[in-house]
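These are the residues of each chain, in order.
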There are 2 protein chains.
Amino acid sequence: MGAEGERDDAAGRGTIVTPSAELPPLGPEERAALGRIGERWREPRDPDELPVDPTLGRSGRPPRPTRFGRLVPIEMFNVGEPDELVATEPAHLPGSQTGRLLTRARRTLFGPPLSSASVLYERMRKLVALPVLSSDLLSSVAYGPEAMLSVLVLAGTGALGLSLPLAALLVVLMVAVGLSYRQTIPAYPHGAGSYIVAGDNLGRIPGLAAAAGLMLDYVLTVSVSVAAGVHAVTSALPGLAPVTVPLGVLVIAVLLAGNLRGVRTAGNLFVLPTYAFLVAVLALLVVGYARAAGRGFAPVSPPPVPAAEGLGLLLVLRAFSSGAVSMTGIEAVSNAVPAFRPTEWRNARTTLGWMVAMLVALFAGLVGLIHLDGLVPRPGETVLSQLGRETFPTGPWYAFLQATTALILLLAANTAFNDFPRLLFFMARDGHAPRRFLHMGDRLAFSNGLVALSLAAGLVFVVFRGNTTSLIPLYAVGVFLAFTLSQSGMVVHWRRHRGPGWHRRLALNAVGAALSGLVLVTAAVAKFSEGAWVVVVAVPLLVLLFRRIHRHYATLHQALALHPPAPAPPGPAGSAEGEELPQEVRHLVVVPVARLNRASLRALAYAASLGQPTLAVHIAPEEAEADRFREQWQAWGDHLRLETIVSPYRAVIGPLAHYLEALHTTRPELTLTVIVPEVVLRRRWHRPLHSRVEQRLRAALRALPGVVVTSVPVHLAE
Amino acid sequence: MGAEGERDDAAGRGTIVTPSAELPPLGPEERAALGRIGERWREPRDPDELPVDPTLGRSGRPPRPTRFGRLVPIEMFNVGEPDELVATEPAHLPGSQTGRLLTRARRTLFGPPLSSASVLYERMRKLVALPVLSSDLLSSVAYGPEAMLSVLVLAGTGALGLSLPLAALLVVLMVAVGLSYRQTIPAYPHGAGSYIVAGDNLGRIPGLAAAAGLMLDYVLTVSVSVAAGVHAVTSALPGLAPVTVPLGVLVIAVLLAGNLRGVRTAGNLFVLPTYAFLVAVLALLVVGYARAAGRGFAPVSPPPVPAAEGLGLLLVLRAFSSGAVSMTGIEAVSNAVPAFRPTEWRNARTTLGWMVAMLVALFAGLVGLIHLDGLVPRPGETVLSQLGRETFPTGPWYAFLQATTALILLLAANTAFNDFPRLLFFMARDGHAPRRFLHMGDRLAFSNGLVALSLAAGLVFVVFRGNTTSLIPLYAVGVFLAFTLSQSGMVVHWRRHRGPGWHRRLALNAVGAALSGLVLVTAAVAKFSEGAWVVVVAVPLLVLLFRRIHRHYATLHQALALHPPAPAPPGPAGSAEGEELPQEVRHLVVVPVARLNRASLRALAYAASLGQPTLAVHIAPEEAEADRFREQWQAWGDHLRLETIVSPYRAVIGPLAHYLEALHTTRPELTLTVIVPEVVLRRRWHRPLHSRVEQRLRAALRALPGVVVTSVPVHLAE
């Protein structure tokens, strides 16, 4: 179970998303053991022994309608290859009426189910992928420059001039991180996010730390973007302010519904607003620089602002790390490579290039224009809005800019809906997250991951009452942790593989890692008390949780793994659960009987029909009742051995469970099959009228080794 | 299923409380059918076929310690008669560690379990029964006279003189009702409450209406008494007023705990306060009348109070019905007859006589003394307190009177704890209440009934915030409904049976019924809008609920009843669940296999070892996975027939359930046994890590006829 071996395996499997991931193939050792176990099975099967044709199609009997008046179930299956049936869509409807209604409602909302065969077609063209994956990144420029200026202005108007060199540094960082991910994508040709790159090169714990950081970042992306978007709406329509929290929850629910419908549909929904925002900001830059050119690029003097703090290194670093939130979302492409059309890595790399270029253009352009126009951040109006008002004094362009800004903020959350479930899929495949995140829903989306993200983001949103300001400080730590680990991982990668030009590549990644690490440390320290501590505490806890989940799955896997059969133990003293061959199973069938009625007689008949040694047990609350029951048993004909247990303290489950354990202690190699009749109640309100002995007995017997519980259902005619 | 026939049966069984009531004997027809079914079983049993000695004791093998390190379970059972074991007390401890801890805690709180054999000894001596059963009745005099005077005074001081004739009328009513119940007790020598008497003579619906009225009354008795008692405490210690609700809930919990310990212990707890209250009030009367004799029994003129209403018939009737709340609790004895020591009915009748005599003496004495002292009800101080202050101007007697009054009000609630579960027991025995109320707990108390009463009373208490005034109007309607129905029932009884002196007895009961009915109508009409409407609405709803519960049990009983076997249907076209003989059961064993591992191989081995036709089914999310699995199956040796179902929409449960239904449709006479491996998880937090296919499959298959589900547990070694 070496970490490296598993990693390599994971890298080999890459990030291909397939429904078969839920049922991974056997390893070579287990394969071999399987054959040797099979050799020891007693007898080859008799192909004609079945009383019914399992392929349903060739029996020649006309199918009859079922008593439930549903679709004739035989028609739900098509005969495929030999010994294979293919379930049609109606076969997926649940059996109960309520369940069918719910499923129909869900399908109306989210569309008809998509076959596993369609998984390849749900890929994105580059022109679709770009808006879907970049809305998070590009929307950050709406608040990134302002976040940086807000820190600088604390040192007075004079310090604002520092924005240009800091922006240049950030552009270097953006380019470095962008180039690093560009290098990563072909190095991991099936696509790779920080989780896989860090885990692959630095080890399991850094990989999990990167994953934890990214997961927190995705949750916060949704919360922050929705909070900012809703705030933009409530600023325009103050009447909606009291319903901020329900409105945000509604937006998250709509995002969830859109994504549950499937990747392509969700992508289409988001193409237009992203491009519209791009057009609006580019128009702003063109017109703005044209106006500046008109006055010979002479900067306007900003209004004087008194200094609140001295201009120290820490302040500059805080400004730098605040400006760096413009970069959140840059990793989106590398996690989503498999969602691209083939050749996936090439399309992904191209898309990443475009995205970084756009980010640099918008970010640098905006910072420069703000400097030329001498704008200062002030409460009540965003810098972007000031810039819009300055540049477009009249006409609809200002309104267009503000509307697309609000819209892209809301849609930025969608990036997280693409990446979060995919990250969970990779983690679940490695056993670091619950296996249910491997399951692809009706619409080939990872429904469980989408729901988990929506619940977490909704909870954060409600807890923080949709307040952007208090959410922002938590935001950058997680993502820069992932950046740092991923790029450090690439440094190790180049040292190990030493391909052509590895020195240059290593240097590039090292610069990126160092800069990211600097931002990470600055953000964590400078914003610790403002909320970053939550992330600093949560990441190790999440890593611990992932480790424990992994340990559980590993234990389980080892316990259930196939081993070559050991030589049979001498004598009959084996344990009932150790045996895996039919001829080794020794049966004792036990039927608890409370009263003699149709249900219990049916259970007794079922037990006797198995042809194994059978024992009936009756638990009596009093000696007198025991005598009465034995007398009835005699009247019936005493067909099976009956043991009566008087339970003077009137409990039923406890004595029965202990009696079975006592039998098991006497002969540990016996497999006890407990056969319990279960009256199936049609209506839910009838349940409290019954003591549900069957369920309680099942719970009590769970812990006993070698005890098999069989429920014989009795359905009431009416 | 005639109502009369069932009634007679119930009357014959009387009100004997026995743990065996949970397992009633078979009727004669079912007995006969049982024998005829038994004749058709294929073969007599082989007495030596069992691989283990079911009596545990004679095997000769030394018992080994179990792997769970618990008590060796063999020692938990004593060998009784042939084929009988007697469970010892440790056998009742649950298997899980948490369960054992909880049970131990419960036993520390409520005492060790009592054997069914002790049921006879938990009876009450008369001197214990009197305080236990009379606290409700006697405590009523603390507020009954005042309730009557409060209505009269609305017509001015002059109307207060009417209290003497009204009190005389109430005394007549008390004596009439008392005599009626005295007559009832020997007429139903096993003891009988209003439910049984009304049901027996007037029919099922009146019986259930009486039961509903009594149940509401018991719940309200607890709530009102606790509210009044807590109010007395918070009046003395105003600092406790904000915690009225938690304090009341605590008192109810203490009452519940005391009663869960068992009847006798609870009785002992309550002997002293009741007798102390009796002493206090008797002393008050003696001293008061002595003082009045000192002035020649000349009444003091009451202070003038202006009239708020005219003195009409309705006012007098309202005063009468308000005074009648003094009688609540008079029926306690007749419901509790079986709790007396033998000869039960004679002791009960004697106790009832004492109780009524004491009630009359206290009630009449107090009304007379209040009149002589010219006291007027006023807010802020109860009339009883005024009387005490007047009579005992100095010394500790006044404090003693107030303390015992507060205490007996709290303890009056205890009467309901005796009668409510007993009433539910009788109703459950007739199938009108959930059968779980037949079960006697560890301590031979009807734990379920006690808990139900506590929950209902606690809920009422919390909803009304412990406010006595708003609870009182709901109070009398239920109990006078029961009185009226019970005494009308006795009228019918005498007309039917015409024993010696039946004319006199009939007349006595008729007077009682008429007076009770008058109070009932007056209370319901006059207090309708003050809260009595709740009871007027709730009684029919409860009757409806009881009827529906009864219908469910009757349907179930009929469906499960044994019938003589019908001639075998021609051909193999029977239904799988119709067959009750082993030789008629046709098996097909189906094993769903997701992956080949130790768990599924063990399920396959178990299935094959049954020696019945076996089919393995694999659900694949994709065609490719199906091929891969089939290839592994071949590698194993293809020992069993495998059918693969490709589920292109990735659901597992739906297609599997529909496939089994399809198999069943093809051959309805087959019994399908679905064998599912179940990995038993030790820790609760591991559960979300697994998809619990076994449980979901079980739920989906419940509705299918003839499908038996078998769980083969796999326990992890670590």
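Let me sum up the structure you'll find in this document. On a predicted model such as this, the values are computed, not experimentally measured, just so you know.

1. Looking at helix H21 (residues 598-609) of chain A
In an α-helix, one full turn covers 3.6 residues, which means residues spaced three or four apart are oriented alike. All names here are of chain A. The terminal C-alpha atoms of H21 lie 16 Å apart, and with 12 residues this matches the ideal 16 Å at 1.5 Å per residue to within 8%. By the criterion of burial, H21 is predominantly enclosed, with 11 of the 12 residues buried. Among the residues making up H21, those that are buried are Ala-599, Ser-600, Leu-601, Arg-602, Ala-603, Leu-604, Ala-605, Tyr-606, Ala-607, Ala-608 and Ser-609. Where H21 begins, one side-chain oxygen reaches toward the backbone nitrogen of Ala-599, 3.1 Å away; that side chain belongs to Asn-597. Once H21 ends, the next one or two residues include Gly-611, with phi positive near 70 degrees.

2. Thoughts on the packing of helix H6 (residues 163-187) of chain B against helix H13 (residues 344-373) of chain B
Describing two packed helices takes the angle between their axes plus the distance from one axis to the other. Residue and element names in this part refer to chain B. At their nearest, the axes of H6 and H13 sit 10 Å apart, and the two run at 175 degrees to each other. If you check the angle between H6 and H13, you find them roughly antiparallel. Note on element contacts: H13 touches H6 through Trp-345, Ala-348, Arg-349, Leu-352, Val-356, Leu-359, Val-360, Phe-363, Ala-364, Val-367, Gly-368 and His-371, opposite Ser-163, Leu-164, Ala-167, Leu-170, Val-171, Met-174, Val-175, Gly-178, Tyr-181, Arg-182, Ile-185 and Pro-186. Within the contact of H6 with H13, the residues separate by chemical class into 18 nonpolar, 4 polar and 2 charged.

3. What about the interface of chain A and chain B?
With 171 residues of chain A at the interface, the matching set in chain B holds 171 residues. Contact between chain A and chain B buries roughly 15,700 Å² in total, counting both sides, with carbon and sulfur atoms accounting for 57%. Connecting chain A to chain B are 2 salt bridges. A salt bridge links Glu-678 of chain B to Arg-702 of chain A; the shortest N-O distance between them is 2.6 Å. Between chain A and chain B we count 35 residue pairs in polar contact (both at pLDDT 80 or more) in total. Top contributing element to the side of chain A that touches chain B by residue count: helix H22 (residues 623-636) of chain A, with 10 residues. Split by residue class, the side of chain A that touches chain B holds 88 nonpolar, 39 polar and 44 charged. Summarising the sheet, strand S5 (residues 641-646) of chain A and strand S2 (residues 84-87) of chain B pair through 3 bridges and their orientation is parallel. Considered in S2 of chain B, the bridge of Val-646 of chain A is made with Val-86 of chain B.

4. Structural notes on the relation of the copies chain A and chain B
With an axial shift of 0.0 Å and an RMSD of 0.2 Å, the rotation relating chain A to chain B amounts to 180 degrees. This pairing of chains is accounted for by a two-fold axis. If distances are taken from each C-alpha of chain A to the rotation axis, the shortest is found for Thr-710 of chain A, at 2.0 Å. Taken as a fraction of all interface residues of chain A, those also at the interface in chain B reach 100%, which identifies the copy contact as same-surface.

Procedures and definitions
Residues numbered from 1 in each chain as written. Chains lettered and ligands numbered in written order. Predicted model: local features only at pLDDT ≥ 70, side-chain atom pairs only at ≥ 80, totals over all residues. Heavy atoms only, no water. Helix = DSSP H or I, 4+ residues; strand = E, 2+ residues; numbered from the N terminus. Expected span 1.5 Å × (residues − 1). Buried < 20%, exposed > 50% of the residue type's maximum accessible area, 1.4 Å probe, protein only. Polar contact = N/O pair within 3.5 Å; in protein donor to acceptor, adjacent residues only side chain to side chain. Axes fitted to C-alpha atoms, helices over the stretch in contact; angles between N-to-C directions. Parallel < 35°, antiparallel > 145°, perpendicular 65-115°, else oblique. Contact = heavy atoms within 4.5 Å. Nonpolar A, V, L, I, M, F, W, Y, C, P; charged D, E, K, R; others polar. Buried area = accessible area lost by both parts, 1.4 Å probe. Salt bridge = Lys/Arg side-chain N within 4 Å of Asp/Glu carboxyl O. Pairing = 2+ DSSP bridges. Least-squares fit on C-alpha atoms with pLDDT ≥ 70 in both.

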